[in-house]
Every structure is written in structure tokens, then in C-alpha cells.
Amino acid sequence: ETGVTQTPRHLVMGMTNKKSLKCEQHLGHNAMYWYKQSAKKPLELMFVYSLEERVENNSVPSRFSPECPNSSHLFLHLHTLQPEDSALYLCASSQGPGTSGAGTDTQYFGPGTRLTVL
Amino acid sequence: AQSVTQLGSHVSVSEGALVLLRCNYSSSVPPYLFWYVQYPNQGLQLLLKYTTGATLVKGINGFEAEFKKSETSFHLTKPSAHMSDAAEYFCAVSNSGYALNFGKGTSLLVTP
């Protein structure tokens, strides 16, 4: 496989369930990201990992818990979610960190997981 | 803090017509600017980006954008639309950090 893959592609869960989203990148990158894409809202950056360390956490509720066991894999653990958490969750990766600066990095996105919380 | 505003949530053009998608940014430092495209049921794909240097940036699929500091704009253009260009287009801005701040997106419809 190439690029950035995400599993599952679709997920329906109740508010009391616990589930995990998985992201894997095959690009040899050092930075990975979780974004939330809701209808009629800009993409929201949730978490950033660089060299397996969390470098950004944008005030995300604790019911979302990221995990980055190595530079190729990123998980988003979900528990006691709310219906308003229903969205498309996108994973991305980029080369960073590097001398060119993280801000110039191209981010490569996976196809996303469509999450529905009932 | 940086932000972008995309004017027009929906744009419709005829096949063969000029495509113009507007993006204005706000940034207190020299920005890095990006255009991404999202086709149905897919993730985002980079079309082009401006970091430094030449202000006219050429991207994939015949798209280009011009960085105009005086107008704080980074509009995306393509001389002749194809049916396959129908998608959602996102403008984004960053500085030296990891965060990309995206606009709300513009949905491009191409009619025969």
C-alpha cells in the first residue's frame, strides 16, 4: 500500500462504546496529524505528533485520546462520545521536522473515517 | 493568529470556462499558503503551495495561484474547467509551526 491509509472507513457507535481509529503512513514521514471535518465548518486540527511526541493538542475533549506508538502509526481512541462528535476524521502525515520549517511541509491526507455517534 | 476566508461556498462554471476561487488570508507574519482539493469520499490532496520566492505558483492539473501581499490574497485559477475538476477546494495558511488553518472550502460545480 502507498500513502496514508485509515481504518475503518465508516464507523457507527453508541455514546457508551469505546472504539479506535487507525492511521498508517507508508511515506517515511516523521509527523502525523488528526483533523476533524464537520459539515459547514473548517477542518479542525486536533493533534499533532512529531517523532512520536505530541507537539500540539488543540483543546480537544478528553473523550478523544491519541496514541502514536511509532512514526508510521497513529491511533485515535474514542470513548463516551456525543452525537456532535459525528464527523469525518482525517489523518495526515508530513516530512517534518526539518530545516525548511514545519510550516512549509506538505501534508498528505488519508481518505478519512466517517464516524456516526448515535 | 492566521486565518483564511474563502469567498463563495459554491461556485459553478461551464466546462471550458475560467475557474476562479478566491482566498484572502490574515497573518501577522509572512504566511505559507496552500490550496488543497478534496474529491468525494477521499482525503485532501495538495494542488499547490507558496512558501517564498516567485509569487505565481503553478500546481497540478493546470491550476495556479498568485500570492498578492498588498491584497492579502491567494486566489486559485485554471484557464479551462474540466468536468473532473468538480470537487471541494480548501485554502490554508500556516507560519513556522505545524498547524494548518483551513478555510471553510468552496465547492466547485462544472456544468456541461
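Residues take numbers from 1 onward in each chain, read along the sequence in its written order. Working convention: letters from A go to chains and numbers from 1 go to ligands, in the order in which they are written. Reporting of local features is limited, given that this is a predicted model, to residues whose pLDDT is at least 70; pairs of side-chain atoms are given and counted only at 80 or more, and all residues count toward the totals for whole chains, interfaces and linings. The basis for every side-chain value is the complete set of heavy atoms in the structure, and neither hydrogens nor water enter the calculation.

1. Describing the environment of B:Ser14
Here is step 1: Each helix corresponds to a stretch of at least 4 residues labelled H or I by DSSP, and each strand to a stretch of at least 2 residues labelled E; elements are numbered beginning at the N terminus. With respect to the helices and strands, the residue B:Ser14 is situated in strand S2 (residues 10–14).
Here is step 2: For the pair B:Ser14 and B:Leu109, spaced 95 residues apart in sequence, the C-alpha separation works out to 8.3 Å.

2. So, the pairing of strand S4 (residues 32–38) of chain B
All names here are of chain B.
Here is step 1: The element S4 is extensively covered by neighbouring structure, given that seven of its seven residues are classed as buried.
Here is step 2: Think of it in three bands: residues with accessible area under 20% of the maximum for their type are buried, residues over 50% are exposed, and the middle band is partly exposed, with areas taken using a 1.4 Å probe on protein chains only. Side chains Tyr32, Phe34, Tyr36 and Gln38 of S4 all project onto a buried face; the interleaved residues Leu33, Trp35 and Val37 project onto the opposite face, where all are buried too.
Here is step 3: As judged from the six bridges shared by S4 and strand S5 (residues 44–50), these two strands associate in the antiparallel manner. Paired with tryptophan 35 across the strands is leucine 48, a residue of S5.
Here is step 4: A strand pair is defined by DSSP finding two or more bridges across the two strands. As consecutive antiparallel partners, S4 and S5 are separated by five residues, and within that stretch asparagine 41 has a phi angle of approximately 60°, a positive value.

3. Overview of the state of the cysteines
Here is step 1: We call a pair of cysteine sulfur atoms a disulfide whenever their separation is within 2.5 Å. One pass over the structure, following the stated rule, counts two disulfides over all chains.
Here is step 2: Between the sulfur atoms of A:Cys23 and its disulfide mate A:Cys91 the distance is 1.9 Å. Across the S-S bond linking A:Cys23 and A:Cys91, the dihedral sits near -75°, which makes this disulfide left-handed. Here A:Cys23, found in strand S3 (residues 18–25), pairs with A:Cys91, found in strand S9 (residues 87–94); they are 68 residues apart in sequence, far enough to count as distant.
Here is step 3: One disulfide bridge connects B:Cys23 with B:Cys91, the sulfur atoms lying 2.0 Å from each other. With the S-S dihedral at roughly -65°, the linkage between B:Cys23 and B:Cys91 falls on the left-handed side.

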